[in-house]
Amino acid sequence: MSDLKTVDCDVLVIGGGITGCFIALSLARKGLKVCLADKGPLFREASGRSGGGVRQQFRNPAELPLAMESVALWQGLGEQLGEDIEYFQGGSLRLHRTRQLHEEDTARVERERGLGLDVRLLSPQQVRARLPVLSEQIELYGGTYCARDGTANPLLLGRALTHALTRAGVALHDHEEIRRLDVSGKRLTGARGSSCHFRCPAAVNAAGPWARKLLASLGLDFPVAFRKSQILVTEPVSPVIREFVSFDKGYLRQAKDGNLHLGVRGIPIGALETSQTLSSFEDVARDFPEAFPFLADIQIIRGFAGITTWTPDGIPILDKVPGVVGLWVASGFSGHGFCLGPVVGKLFCEWITAGRPSLDLSAFAWSRFGSVEKTV
Ligand SMILES: Cc1cc2nc3c(=O)[nH]c(=O)nc-3n(C[C@H](O)[C@H](O)[C@H](O)COP(=O)(O)OP(=O)(O)OC[C@H]3O[C@@H](n4cnc5c(N)ncnc54)[C@H](O)[C@@H]3O)c2cc1C
């Protein structure tokens, strides 16, 4: 006989990262009885380890309308949650250190402007005027700038969302790993966790990289690969950088307290683990002071790593799970899902409660990668 505690709800959200938290919050605010299960504490994986960039420019065209609507939601978020999340629209600046990148981005800026985004191409002089800490020695062909992009503090957001979820009546089940999905006659009936048996007609798999394992338990092959993304944090310094700056070797931003967050390129991984690698220090030491010489005199005080989940085309899979009525999946954000959290929450709530999302999500269908293969 099972010693799992039985819990009934309208929707079970699996995964308490930014995606699952916003989906659960939107559903609870519509009056649904929602359980949110996470295998650990909330916001402890990629969402709490994110660079905090809330960026619209340099997106796949299919994703741009989502990012633009998400930024509209981010603008009132701190007030709505009733807590400071350090959301700040300081702009995003993308540097061009090759002529090729400059040419590619010239076309990209035109395309994004055509979709309604206020993004501009900058000359090398305009970039240097915005970013005086950039080395004068490096070759520069220009950059692109989006004034309404920005950053937020992932840790503060995680805390504010936890409070908001509780206020909205979401039953938070942290340290509750969902191990099995119950399906009867092609319809979801519930899920078994480490201590609870959830009985529910609907669930969303928002388990980040682990979404794949849960779907494999249904015999489905979810087409994602994994990378370890890492950030080093410096001691606090007086304000030097306003924008979220990205260049060919990584990205950097300055947090409200003055610490600089230096992000290096992700490395492909098989096992889902988050130990910091020596290579992150080597990458920063080699690449960052060359472009930003002032960094050579500043201490690194800590670092962390998180797992990013990549689809073959770099945009997420936001879909109903084929062949299982009542089960949805939202994963594969390919290193830029922090910005999208609020809009994905809104759209999934519409989909589950009203039958369809208000933005067209067909570009995010799982079937774009061919037939959804059974692995067993
Ligand atoms: C270093 C780094 C920097 C980044 N920078 C940016 C950035 O600047 N801008 C941006 O937009 N994005 C950025 N990203 C990407 C962004 O953080 C992710 O796309 C986003 O956080 C994904 O959120 P998620 O909720 O889908 O997944 P996650 O945050 O991974 O959450 C999934 C949750 O599911 C839980 N879970 C897993 N399996 C189970 C199970 N079986 N049962 C119950 N719970 C389970 C996990 O414990 C976890 O809490 C960055 C990521 C990293 C790692």
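Residues numbered from 1 in each chain as written. Predicted model: local features only at pLDDT ≥ 70, side-chain atom pairs only at ≥ 80, totals over all residues.

Trainee: Give a description of the site of the ligand that names residues and reports values.
Mentor: Taken together, 40 residues lie around the ligand, and Gly 17, Gly 53, Gly 208, Gly 306 and Gly 337 are the ones closest in. Of the residues in the shell around the ligand, the class split is 13 nonpolar, 21 polar and six charged. Here the shell around the ligand gathers at least three residues from each of two domains, domain 1 (5-52 + 155-223 + 313-369) and domain 2 (89-148 + 225-310). (Near = placed C-beta within 6 Å. Nonpolar A, V, L, I, M, F, W, Y, C, P; charged D, E, K, R; others polar. Domains from an automatic or database assignment.)

Trainee: Provide a residue-level description of the nonpolar core, including the pertinent values.
Mentor: Counting 76 residues, the largest nonpolar core has Leu 12 and Ala 24 as its most contacted members. Of all the elements, helix 1 (residues 18-29) adds the most residues to this core, at eight residues. Each residue touching Leu 12, except ones within four places of it in the same chain, is listed here: Cys 35, Ala 37, Ala 191, Phe 198, Cys 200 and Ala 203. One finds Leu 93, Tyr 251, Ala 291 and Leu 295 within the second-largest nonpolar core, a separate group that totals 28 residues. (Core = buried A, V, L, I, M, F, W, Y, C linked by C-beta atoms within 7 Å. Buried ≥ 20, exposed ≤ 12 C-beta atoms within 10 Å, placed from the backbone. Helix = DSSP H or I, 4+ residues; strand = E, 2+ residues; numbered from the N terminus. Contact = placed C-beta atoms within 7 Å.)

Trainee: Could you give an account of the packing of helix 1 against helix 6 (residues 154-167), naming the residues involved and the relevant values?
Mentor: The contact between helix 1 and helix 6 brings their axes to 10 Å, and the two run at 30°. In terms of orientation, helix 1 and helix 6 fall into the roughly parallel class. Crossing geometry of helix 1 relative to helix 6 is assigned as left-handed. On helix 6, the residues touching Cys 21, Ala 24 and Leu 25 of helix 1 are Leu 161, Ala 164 and Leu 165. Looking at the contact of helix 1 with helix 6, its residues break down into six nonpolar, no polar and no charged. (Axes fitted to C-alpha atoms, helices over the stretch in contact; angles between N-to-C directions. Parallel < 35°, antiparallel > 145°, perpendicular 65-115°, else oblique. Left-handed = near helix turned anticlockwise from the far one by under 90°.)

Trainee: Any details on the domain arrangement of the chain? Residues and values, ideally.
Mentor: Each domain of the chain was delimited in the assignment, giving domain 1 (5-52 + 155-223 + 313-369) and domain 2 (89-148 + 225-310). Just the C-alpha atoms count here: the centres of domain 1 and domain 2 sit 30 Å apart. Along the lines of polarity and charge, the residues of the side of domain 1 that touches domain 2 split into four nonpolar, eight polar and two charged.

Trainee: Got a sec to walk through the sheet that holds strand 3 (residues 34-37)? Specific residues and values, please.
Mentor: Think of a sheet as strands paired side by side through backbone hydrogen bonds, with each pair either parallel or antiparallel. One open sheet accounts for six strands, arranged 9-3-2-13-20-19; its pairing is mixed. The open sheet has two free edges, formed respectively by strand 9 (171-173) and strand 19 (317-320), since each of these has just one partner strand. Strand-to-strand twist in this sheet, taken as the mean axis angle between neighbours without regard to direction, amounts to 15°. In this structure, strand 3 lies alongside strand 9, joined through three bridges in parallel fashion. (Pairing = 2+ DSSP bridges.)

Trainee: Lay out the sheet that holds strand 7 (residues 142-146) in plain terms, naming residues and giving numbers.
Mentor: Read across the open sheet, the eight strands follow the order 6-7-5-15-16-17-14-18; overall the sheet is mixed. Each of the sheet's edge strands pairs with one partner strand only, and the pair in question is strand 6 (119-122) and strand 18 (300-310). Across the sheet, the mean angle separating the axes of adjacent strands is 20° when strand polarity is ignored. Where strand 14 (residues 225-236) lies against strand 17 (residues 259-269), eight bridges are found, and the strand directions are antiparallel. Note on strand 17: the bridge partner recorded for Pro 236 is Asn 259. Its contacts with the sheet put helix 4 (residues 99-114) on strand 5 (92-96), strand 6 and strand 7, and the angle it makes with strand 6 is roughly 155°.

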